[in-house]
Amino acid sequence: MTTRTIGISQLRRMFLVLGCVAVATVTLPAHAISIERFGAVAGDTSYATSVKNGKALFLTFQAAARNDADRSVVVPAGKVYSMVPYLPVVGVDNVTMWLEGTLNAFPGDQTLWPNHTSNGRARCLLEFFGCSDVSLLGNGTLQGNGYRWWVSVFKTGLDNRPHLLRMESCIRTLFRGWTLLNSPMYHVKWVDMLHALVEDVTVHVDVFAQQELLRAHGHLFEPMKAGSKSGFKSIDAWPVEYRDMFREAALAATALNGVLTPAELANWSWPTFPLNTDGIDVRGHNITVRRCDITNFDDSLCVKPMNGNGNLTQCSQDILFEDSHITWGVGSSVGSVGPNPAVSCIRNTTFRNIRFTHPLKAIYVKPNPGDEGSGIVDRITYENIHVEDCPWWTVWVSTQQQHQPGSGADTGCSWFYPLPGTKCQTQPLVPVTHLTIRNLTAIKSWLSPGVLMCNAYGPGTNWLMEDINIDSVLKFPMGDHFLCEALVNATWSNVNVNCTDHIFANPSLKRGKRPLPPRTRRGH
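Residues numbered from 1 in each chain as written. Predicted model: local features only at pLDDT ≥ 70, side-chain atom pairs only at ≥ 80, totals over all residues. Heavy atoms only, no water.

(A) Inspection of unusual backbone geometry at higher detail. Residue Tyr 417 is joined to Pro 418 through a cis peptide bond whose omega torsion reads 10°. Look at the link from Phe 476 to Pro 477: it is a cis peptide, with omega at 5°. The residue Pro 477 is located in the loop between strand S32 (464–472) and strand S33 (481–485) in this model. A positive phi angle is found at Asp 200, which is not glycine, with a value near 60°. (Helix = DSSP H or I, 4+ residues; strand = E, 2+ residues; numbered from the N terminus.)

Shown next, in the form of structure tokens:
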């Protein structure tokens, strides 16, 4: 068989093709440099060997970067290497990493995990900075062994967890074929990236282990179960008018020939602290993510903002997510985007041909609180979206719902909004403009269609809602309606649901608190 590596000129030509669509088929070179050449040892999970393996990987990259004949690093197939990260890979050019075996995050005492000297944050399992023409290829696995880290967050209240794969300020990156499992935190975190292609990547989190952990620590909302430990009590504690309304909706749904079975209703639950095990998060310019399969309990495919302080990019823009499947997950997400004096920015981003299976949210666009600076969320498009069995919100466009133990993160928008006794303050400094949702089909969504809530002092403008069909089972709490606020010049075409400004189906129960102008929110 003829083998060939990807050279620098080939990568540059590849990423000059609009949309990153021209990719050559490549195979593992015969003379790729194995991490075992620099002392890596498979099958030993001791701390000493894990440190040795991390250093071996780093040294292999340095050797490949100096090798004119063969600039390829290989983690051999059929072997598992326990690893503690050594140092980030910085400034390498035209190097390919072939992950064919498994890199296994050290499964022992987390206090032995190294931190960055500059900021005290945990080092990522793999980290690249300032690189160009790097390819990450192969059919191997990064195993994060995240469970111990997740337990630690709840036991200690401290949160300093590593990501699996982090890249920053890199140009022309190709990432293909890997499987990433159970990261302590994000699986893929890319920042300030220019010209990148991600394809055929699998992210899988053991969501059932997370579910039991969340239940034990009171972060699993189970509204039908008395004595639920979550921050929002079971429906038995709701005001009587809301409780009766919900029960009537539930009885109607269970009577419709199995649209919702009594067992499904009894076990209805979702996490109130999803542990930040994000799937693929990107920031940068000209990035395509396609043919990926994500199972997790947080943002699944996500674009986050850049600002004027970026090295290569100042706005996350010209980004495409397509042809992917999400199970569970908290959405194909935009943001969160808080205001910034250097202007937080996401624009020209498309999610298309995305299929969801029981997601906690599907479409999720989330401005964030803040009083200084501004933000841009412009020309976001969702098209050809199919959602099945969504237990929470099919569409949420409003302030991020978050309260995160151990980090002090609290956006002021309750995870349970708009249920009784909750609030969600909108953001006037980060308007959502030119949002398009086209050809959305949602089957067996449990609640009302969703929330489209902006601020009168920074309204959502020029939205297009076209060819939308959402099947709401419980029709709770807004009936067959979106909860809408401060939308200007919105166009609705062939949509089976519409807007209401009432939080609950009872029109006498009006929303109370109105948005405040930006200067008032700054305290002037």
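(B) Representation of the pattern of salt bridges in the model. Overall, the coordinates contain 19 salt bridges when judged by the stated rule. The partner of Asp 299 in a salt bridge is Lys 366, with the nearest N and O atoms 2.8 Å apart. Residue Asp 299 is found in the loop between strand S18 (293–296) and strand S19 (301–303), and its partner Lys 366 is found in strand S23 (residues 361–367); the two are separated by 67 residues along the sequence. The two residues Asp 299 and Lys 366 agree in class, both being buried. The closest approach of N and O atoms between Asp 378 and Arg 379, which form a salt bridge, is 3.5 Å. (Salt bridge = Lys/Arg side-chain N within 4 Å of Asp/Glu carboxyl O. Buried < 20%, exposed > 50% of the residue type's maximum accessible area, 1.4 Å probe, protein only.)

(C) Quick look at a nonpolar patch on the surface. The grouping of Tyr 47, Val 51 and Leu 112 at the surface amounts to a nonpolar patch, some 220 Å² of accessible area in total. Looking at the element boundaries, Leu 112 is found in the loop between strand S6 (102–105) and strand S7 (126–129). (Patch = residues over 30% accessible without salt bridge, like charges linked within 9 Å, V, L, I, M, F, W, Y side chains within 5 Å. Areas by Shrake-Rupley, 256 points an atom, 1.4 Å probe, with all protein chains shown as cover.)

(D) Region of interest: the pairing of S18. Where strand S14 (residues 202–204) and S18 come together, three bridges link them in parallel fashion. The residue of S18 that forms the bridge with His 204 is Thr 295. In this structure, S18 lies alongside strand S20 (residues 316–328), joined through four bridges in parallel fashion. In the sheet register, Ile 294 faces S20, and the bridge partner there is Ile 326. (Pairing = 2+ DSSP bridges.)

(E) Representation of the packing of helix H3 (residues 147–156) against helix H4 (residues 207–216) within the structure. Where H3 contacts H4, the axes come no closer than 11 Å and their chain directions differ by 15°. The angle between H3 and H4 places the two elements in the roughly parallel class. The two elements H3 and H4 cross, and the hand of that crossing is right-handed. Of the residues in H4, those touching H3 at Tyr 147, Trp 150, Val 151 and Phe 154 are Ala 209, Gln 210, Leu 213 and Leu 214. Residue classes in the contact of H3 with H4 are distributed as seven nonpolar, one polar and no charged. (Axes fitted to C-alpha atoms, helices over the stretch in contact; angles between N-to-C directions. Parallel < 35°, antiparallel > 145°, perpendicular 65-115°, else oblique. Left-handed = near helix turned anticlockwise from the far one by under 90°. Contact = heavy atoms within 4.5 Å. Nonpolar A, V, L, I, M, F, W, Y, C, P; charged D, E, K, R; others polar.)

(F) Summary view of empty space enclosed by the protein. The full count for this structure, using the stated rule, is three cavities of 30 Å³ or more. There is about 100 Å³ of room inside the largest cavity. Along the wall of the largest cavity there are 16 residues; nearest its centre are Leu 87, Pro 88, Leu 125, Leu 126 and Glu 127. Of all the elements in the fold, those that place two or more residues in the lining of the largest cavity are helix H2 (47–65) and S7. (1 Å grid on protein atoms, 1.4 Å probe; cavity = no way out; pocket = protein on both sides within 12 Å on 5 of 7 lines; lining within 4 Å. Points joined across faces, edges and corners; volume = space filled by probe spheres on them.)

(G) How the structure looks around the pairing of strand S21 (residues 330–337). Burial runs high along S21: eight of the eight residues are buried. Note: S19 against S21, three bridges, orientation parallel. Looking at S21, one finds that Leu 301 is bridged to Ser 332. Pairing of S21 with S23, which is carried by six bridges, proceeds in the parallel orientation. Note that in S23 the partner of Ser 333 across the bridge is Tyr 364.

(H) Looking closely at the state of the cysteines. Taken as a whole and judged by the stated rule, the model has three disulfides. One disulfide in the model links Cys 413 with Cys 424; its S-S distance is 2.1 Å. Across the S-S bond of Cys 413 and Cys 424 the torsion is about -95°, and the bridge reads as left-handed. Residue Cys 413 is located in the loop between strand S27 (409–410) and strand S28 (432–433), and its partner Cys 424 is located in the loop between S27 and S28; the two are separated by 11 residues in the primary sequence. Sulfur-sulfur distance for the disulfide between Cys 484 and Cys 499 comes to 1.9 Å. Between Cys 484 and Cys 499 the disulfide shows an S-S torsion of about -70°. By sign, it is left-handed. Remark: Cys 499 occurs in strand S36 (residues 498–500) and Cys 484 occurs in strand S33; sequence separation between them is 15 residues. Counting only cysteine sulfurs, Cys 484 is the nearest neighbor of Cys 454, a cysteine outside any disulfide, at a range of 9.3 Å. Judged by its relative accessible area of 6%, Cys 454 is buried. (Disulfide = S-S within 2.5 Å.)

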